[in-house]
Amino acid sequence: MSTEKQNQLIRQAISELPDYQAPEQLWPQISEQLDIDQKERLIQRQLAQLPDYHPPETVWTEIAEGLAKAPPKNTWLRLVRQPLTWAASFLLLFSLYWLVTQSQGPEVSYTYTTQAESQWLLESDWDADEADFAEVVQLHQRYLRTFDDQSAASLQEEFDELNTAREEIKETLDRYGKDQELIRQLAAIERARTQIVNQMAQQI
Amino acid sequence: MKQIFVLLLFCLSAPCLLIAQEQIHVVTKKINESYNYREDYEVNIEGDRAEVYIQPNLENKILIDIEVIAKHPNQEQAEKDVEKMATIVKRLKNKIYIRNYLDAEEKSEAQLKVIYRITVPAQCPVYIKNAYGVAEVDNLTNSVKINSKFSHVSLQGLTGNMDLFTRYGDIYGQSLSGNATIASHRTDMILKDIEGTYNIDAAYGNIQIYASAGLLDLNLDAEKSQVMLFNPDLSSFRYDLTTVSTPTLLPEGMDFEITQPEPNVQRIQYTPNNEYFPSFSVKVTFGTLQVQKSSKVKRP
């Protein structure tokens, strides 16, 4: 087949190919990219023409030493740039102030003196009549078992209540030491108990 | 001759008096604290074997002086025991707590007691709980509450609300004005020159009440107690008295209406002609009742 015929066949084949139109925006993009490539080539050429310069070794040593050290502290600058740090610092200072002002507590001091007191006044004699009291109460309880007497029963209750109060005072004397005021109160209870025991004795 | 005999007797007995007395070491631990007062503050005191004295001050402060006192013939023992009494002074929100106590297992060889001297602005409410001691409060104007056991309670010049709960001990109140509620058991009570409204529930006490012209209402329910009502102007009050098995002594010249709704129960009534009048409503059971015109009495 001659070359002319081949070309004809090729042209015919090409003409039978489907038509395709590139989008309009493609051409400006290609043109822009070609411009960039051209500038890049120009820069590369000019860079290749720049003279070489090597800094002395001491410069690198100083830079390395500088990197090894801690970075310079500019606390105020950092605080300004970091409001949270500010707030935390303020809170810490305020807490310290509060702790210092609150933890002072009351003032404590001591004094030492002597005084003359009549210790014999504090002697315990309040259990001396308990045996007699117990005898009357026992007889009164026997009376209560025999007779249904409401007033006698209330006497018994009152006596029990006074006994409880008496024990409270005695316990306080035991814990806080003997004291004339407490003994005065115990004496008042003893008088009330005596009155009740006398009433019981009359009922027996 | 008689003077010589007395002098001789004194000279002979003086050594005996000296022998009877013993030298006692007194160790006092003093604690001082103060707070700036705020309007909603109140003072809470819980004392044990304590004497509590509260006075008003003109400063806007709460001033607290505490003394823990230990007495013993041996100083070392007194020093040791004074530390056994724990004391607490602290503010929690609007309440100032003041407290002293011995731990449950602790005992003191020395004679131990605590004295509180506290001054507060007059309008500061005060609550005192105390046992085996004293509670004295003067000239406050707002609210005083006291819960005491085996203690002497003294109130003078108070106005406002008063709320007392006492077991044993005694109450002395003078120049009080306000609303008072008192529940007392085996507590002797003297109230003088009182104004306002009083509700009293008492048992086993010796009760003396001195009304003044400003008294509005007195409601008293007393069981097994001796009750004495003194009044400066007998006929200006309304009386509604109920007695159960209680001997009663009434003033002469008053036209009381007396009825007996039940055996051993007496109802005694009197209403003045005035449009407005104060009122005594009193019930006494198994005690004694006496009503009479005011006269001066001595403080116990």
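Small disclaimer: the values here were computed from a predicted structure and weren't measured.

## Section: the side chain of Asp48(B)
Thinking step 1. Examined against the element boundaries, Asp48(B) turns out to sit in the loop between strand E2 (42-46) and strand E3 (50-57).
Thinking step 2. There is no salt bridge for the buried Asp48(B), and the closest opposite charge comes from Arg175(A), which lies 4.7 Å off by N-O distance.
Thinking step 3. When neighbours within four sequence positions are excluded, Asp48(B) is seen to be in contact with Tyr176(A), Met85(B), Asn100(B), Asn130(B), Ala131(B) and Tyr132(B).

## Some thoughts on helix H2 (residues 75-82) of chain B
Thinking step 1. Buried within H2(B) we find Gln77(B), Ala78(B), Asp81(B) and Val82(B). Taken end-on, H2(B) shows its buried residues confined to a sector of 130°, consistent with a single buried face. Residues Glu76(B) and Lys80(B) are exposed on H2(B) and point more than 90 degrees away from its buried face.
Thinking step 2. The elements touched by buried residues of H2(B) are strand E1 (107-117) of chain A together with strand E1 (22-36), strand E4 (61-72) and strand E7 (111-121) of chain B.
Thinking step 3. Sitting at the amino-terminal end of H2(B) is Asn74(B), which places a side-chain oxygen 2.7 Å from the backbone nitrogen of Glu76(B).

## Remarks on a nonpolar patch on the surface
Residues and elements named next belong to chain A.
Thinking step 1. A cluster of nonpolar side chains, Leu26, Trp27, Ile30 and Leu34, forms an exposed patch at the surface whose accessible area comes to about 400 Å².
Thinking step 2. One can find Leu26 in helix H2 (residues 26-49).
Thinking step 3. When its relative accessible area of 32% is taken as the criterion, Leu26 is described as partly exposed.

## Concerning the domain arrangement of chain B
Thinking step 1. For chain B, the domain assignment lists domain 1 (22-136) and domain 2 (157-300).
Thinking step 2. For domain 1 of chain B and domain 2 of chain B, the distance between their C-alpha centroids amounts to 34 Å.

## Some points on the environment of Ala104(B)
Residues and elements named next belong to chain B.
Thinking step 1. Within the secondary structure layout, Ala104 lies in the loop between strand E6 (95-101) and E7.
Thinking step 2. Overall, Ala104 belongs to the exposed group, its relative accessible area being 75%.
Thinking step 3. With 70 residues separating them in the primary sequence, Ala104 and Gln174 have C-alpha atoms 37 Å apart.

## A word on the nonpolar core
Thinking step 1. Counting 74 residues, the largest nonpolar core has Ile54(B), Ile62(B), Ile98(B), Ile200(B) and Tyr239(B) as its most contacted members.
Thinking step 2. Residue contributions to this core peak at 7 residues, all from strand E15 (residues 206-223) of chain B.
Thinking step 3. Composition of this core by domain shows at least three residues from each of domain 1 (22-136) and domain 2 (157-300) of chain B.
Thinking step 4. Counting residues in each nonpolar core, the second largest holds 21 residues, with Leu155(A), Ile169(A), Ile196(A) and Phe150(B) among its members.

## Considering the interface of chain B and chain A
Thinking step 1. With 40 residues of chain B at the contact, the number on the chain A side is 33 residues.
Thinking step 2. Contact between chain B and chain A buries roughly 3500 Å² in total, counting both sides, with carbon and sulfur atoms accounting for 44%.
Thinking step 3. Across the chain B-chain A interface, the total number found is 6 salt bridges.
Thinking step 4. Contributing elements (two or more residues each) for the side of chain B that touches chain A: E1, H2 and E7 of chain B.

## Things to note about the pairing of strand E13 (residues 170-185) of chain B
Residues and elements named next belong to chain B.
Thinking step 1. Both strand E11 (residues 152-156) and E13 contribute to a ladder of 5 bridges, which runs parallel. Residue Val153 lies in a different strand from E13, and its bridge partner there is Ile171.
Thinking step 2. In this sheet, E13 lies alongside strand E12 (residues 159-167) in parallel orientation, the contact comprising 9 bridges. Looking at the pairing, Gly160 lines up with Gly178 of E13.

## Comments concerning the packing of aromatic side chains
The description of two aromatic rings rests on the distance between their centres and on the angle between their planes.
Residue and element names in this part refer to chain B.
Thinking step 1. Inspection of the entire model under this criterion finds 11 aromatic pairs over all chains.
Thinking step 2. Taken together, a centroid distance of 6.0 Å and an interplanar angle of 65° make the contact between Phe256 and Tyr270 edge-to-face. Taken as a pair, Phe256 in the loop between strand E18 (248-249) and strand E19 (257-262) and Tyr270 in strand E20 (residues 265-270) lie far apart in primary sequence, 14 residues in all.
Thinking step 3. Phe256 gets classed as buried once you look at its relative accessible area, which sits at 12%.
Thinking step 4. Feature note: the residues Phe237, Tyr239, Phe256, Tyr270 and Phe280 constitute an aromatic cluster, connected by ring pairs.
Thinking step 5. A cation over a ring is seen here: Arg99 above Tyr101, with NZ or CZ 4.2 Å from the ring centre.

Rules behind the numbers
- Residues numbered from 1 in each chain as written.
- Chains lettered and ligands numbered in written order.
- Predicted model: local features only at pLDDT ≥ 70, side-chain atom pairs only at ≥ 80, totals over all residues.
- Heavy atoms only, no water.
- Helix = DSSP H or I, 4+ residues; strand = E, 2+ residues; numbered from the N terminus.
- Buried < 20%, exposed > 50% of the residue type's maximum accessible area, 1.4 Å probe, protein only.
- Lys, Arg positive; Asp, Glu negative; His and termini not counted.
- Salt bridge = Lys/Arg side-chain N within 4 Å of Asp/Glu carboxyl O.
- Contact = heavy atoms within 4.5 Å.
- Arc of directions from axis to C-beta.
- Polar contact = N/O pair within 3.5 Å; in protein donor to acceptor, adjacent residues only side chain to side chain.
- Patch = residues over 30% accessible without salt bridge, like charges linked within 9 Å, V, L, I, M, F, W, Y side chains within 5 Å.
- Areas by Shrake-Rupley, 256 points an atom, 1.4 Å probe, with all protein chains shown as cover.
- Domains from an automatic or database assignment.
- Core = buried A, V, L, I, M, F, W, Y, C linked by side-chain atoms within 4.5 Å.
- Buried area = accessible area lost by both parts, 1.4 Å probe.
- Pairing = 2+ DSSP bridges.
- Phe/Tyr/Trp six-rings, centres within 6.5 Å; stacked < 30°, edge-to-face > 60°.
- Lys NZ or Arg CZ within 6 Å of the ring centre and 35° of its normal.

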